[in-house]
Amino acid sequence: MRAAGRISQRALRLAGAAVEPGVSTAELDSIVRKYIEEQGATPSFLGYGGFPASACISVNNVVIHGIPKEDCILKQGDIVSIDVGAYFEGFHGDNAWTFPCGDITDEAAALLNATKNAMFEGIKAAKAGGRVGDIGYAVQRYAELRSYSVVRDFTGHGVGAKLHEAPNVPNYGTPGRGPALMPGMVIAIEPMVNMGTHKVKVLRDKWTTITADGKLSAHFEHTVAVTPEGPVILTDAD
Ligand code: MG
């Protein structure tokens, strides 16, 4: 799983490094697909439930599941969430990061920073002997104390031979509640944090998920193993 995670992370970093004004989201998607296939792996999202691309690329008010397009051209000030999974030797890795396109507003930079930190708070809470609610609580608390909201309609998830496995890992919760965290479990911890309301809408293409109020949203994700020694990030490039 570490090998699948590493490929996913490297593909994500390559696409992130290409984020700049004038680049289309389809170009970023090709970078992801090319790198993953060169490693002898398969893009986890390509064809998943009919998804037409290798990466989900979600710009500004798009929360998740944005479909890469030739005519979606990035511009200065955009925030660009890229979500990438790779399937390698029987297992998946899944990770996401929101990148600034050129100079972004302080407000947008603060959202990115808070969402990334909320993810790491969640990861720290992924301890054997704990519960899934501990993770959701840590993420929610960090985000809401800073006046952001966490998306409820989509959650993190188990990862393994399938991309999405039990348990669901919500970004909200109550400490000590929910499924037990046991050594050997692998989960994707992936806060989706909104500037305004937590409510989202899915567009008619059945994928693109946007904030209900049109405000910005950010998304960060790592695949994490629960071990007796604590949480281990598998979507690590090193
Ligand atoms: Mg995921």
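Owing to the predicted nature of the structure, the values given are computational and were not obtained by experimental measurement.

Chemist: Would you take a moment to explain the pairing of strand E14 (residues 222-227) for this structure?
Modeler: Both faces of the sheet carry side chains from a regular strand, because those side chains alternate between them. Burial analysis of E14 places six of its six residues in the buried class, the great majority of the element. Pairing geometry for strand E9 (residues 186-189) and E14, over four bridges, is antiparallel. Looking across to E14, one finds that Ile189 is bridged to His222. By the bridge criterion, four bridges tie E14 to strand E15 (residues 230-233) in an arrangement that is antiparallel. By the bridge assignment for E15, Val224 is matched with Ile233. Between E14 and the antiparallel strand that follows it, E15, lie two residues.

Chemist: Looking at this structure, I do not really get the nonpolar core. What am I missing?
Modeler: Generally speaking, nonpolar side chains in soluble globular proteins are found buried as a group. If you look at the biggest cluster of nonpolar residues, it comprises 30 residues, and the most contacted ones within it are Leu111, Ile135, Tyr148, Leu181, Ile187 and Ile189. Mapped onto this core, the elements with two or more residues apiece are helix H3 (106-124), helix H4 (132-145), E9 and E14. Counting residues per element, this core draws most heavily on H3, which supplies seven residues. If sequence neighbours within four positions are ignored, Ile187 has contacts with Ala126, Ile135, His157, Gly158, Val159, Pro167, Val169, Leu181, His222, Thr223 and Val224.

Chemist: Explanation requested: the packing of helix H1 (residues 2-17) against helix H2 (residues 25-38) in the structure shown.
Modeler: Any two packed helices are characterised by how steeply their axes cross, that is the angle between the axes, and by the distance between the axes. Between H1 and H2, the least distance of the axes is 9 Å, while the angle of their chain directions is 150°. Judged by the twist between their axes, the crossing of H1 over H2 is right-handed. Note on element contacts: H2 touches H1 through Leu28, Ile31, Val32, Tyr35 and Ile36, opposite Ile7, Arg10, Ala11, Leu14 and Ala15. Class assignment of the residues belonging to the contact of H1 with H2 gives a composition of nine nonpolar, no polar and one charged.

Chemist: Looking at this model, I keep getting lost on the environment of Ala15. Mind explaining?
Modeler: In this structure, Ala15 sits in helix H1. We classify Ala15 as buried; its relative accessible area is 0%. Separated by 40 residues in sequence, Ala15 and Ala55 have C-alpha atoms that sit 9.5 Å apart.

Chemist: Help me understand the coordination of the magnesium ion, please; the structure alone is not making it clear to me.
Modeler: Geometry sets the ideal angles at a metal, namely 109.5 degrees for four tetrahedral donors and 90 or 180 degrees for six octahedral donors. Protein coordination of the magnesium ion is provided by Asp94 (OD), His157 (NE2), Glu190 (OE) and Glu221 (OE), with donor distances spanning 2.1 to 2.3 Å. One chain supplies every donor for the magnesium ion, spaced along it as D-x62-H-x32-E-x30-E. Of the two residues, Glu190 sits in the loop between E9 and strand E10 (192-194) while Glu221 sits in the loop between strand E13 (217-219) and E14, which places them 31 residues apart along the sequence. Exposure class is identical for Glu190 and Glu221. Each is buried.

Chemist: What exactly am I supposed to notice about the sheet that holds E9 here?
Modeler: As a general point, the strands of a sheet are linked pairwise by backbone hydrogen bonds and lie either parallel or antiparallel. The five strands are arranged E8-E7-E9-E14-E15 in an open sheet whose pairing can be described as antiparallel. Since the sheet does not close on itself, it has two edges, and those belong to strand E8 (165-169) and E15, each with one partner. Within the sheet, the average angular offset between the axes of one strand and its neighbour, ignoring direction, is 30°.

Chemist: Any chance you could explain H1 here in plain terms?
Modeler: Because each turn of an α-helix spans 3.6 residues, side chains separated by three or four positions in sequence point in the same direction. Spanning 16 residues, H1 covers 22 Å between terminal C-alpha atoms, matching the ideal 22 Å at 1.5 Å per step. Among all positions of H1, only Ala4, Gly5, Ile7, Ser8, Gln9, Ala11, Leu12, Ala15 and Gly16 are buried. Where the residues of H1 are buried, they touch H2, strand E4 (79-88), strand E5 (91-100) and E14.

Chemist: Help me out: how do you make sense of the sheet that holds strand E11 (residues 200-202) in this one?
Modeler: Read from one edge to the other, the open sheet built from three strands follows the order E3-E12-E11, with strand pairing classed as antiparallel. Looking at the sheet topology across the chains shown, the edges are occupied by strand E3 (62-64) and E11. On average, adjacent strands in this sheet sit at an angle of 40° to one another, irrespective of strand direction. As paired elements, E11 and strand E12 (residues 209-211) share three bridges and run antiparallel to each other.

Chemist: Would you explain the pattern of salt bridges in this entry?
Modeler: Two side chains of opposite charge can pair, provided their charged atoms sit close to one another. Tallying each qualifying case throughout the model produces five salt bridges. Across the pair Glu37 and Arg33 runs a salt bridge whose closest N-O atoms are separated by 3.1 Å. On the criterion of helical spacing, the pair formed by Glu37 and Arg33 is a turn pair, its members being four residues apart in helix H2. Overall, Glu37 belongs to the partly exposed group, its relative accessible area being 40%. By relative accessible area, Arg33 is classed as partly exposed at 37%. As a salt-bridge pair, Lys75 and Asp78 come within 3.0 Å of each other at their nearest N and O atoms. Residue Asp78 is classed as buried on the basis of its relative accessible area, which comes to 3%.

Scoring rules and cut-offs
- Residues numbered from 1 in each chain as written.
- Predicted model: local features only at pLDDT ≥ 70, side-chain atom pairs only at ≥ 80, totals over all residues.
- Heavy atoms only, no water.
- Buried < 20%, exposed > 50% of the residue type's maximum accessible area, 1.4 Å probe, protein only.
- Helix = DSSP H or I, 4+ residues; strand = E, 2+ residues; numbered from the N terminus.
- Pairing = 2+ DSSP bridges.
- Core = buried A, V, L, I, M, F, W, Y, C linked by side-chain atoms within 4.5 Å.
- Contact = heavy atoms within 4.5 Å.
- Axes fitted to C-alpha atoms, helices over the stretch in contact; angles between N-to-C directions.
- Left-handed = near helix turned anticlockwise from the far one by under 90°.
- Nonpolar A, V, L, I, M, F, W, Y, C, P; charged D, E, K, R; others polar.
- Donors = N, O, S within 2.8 Å, 3.2 Å for Na, K, Ca; no water.
- Expected span 1.5 Å × (residues − 1).
- Salt bridge = Lys/Arg side-chain N within 4 Å of Asp/Glu carboxyl O.

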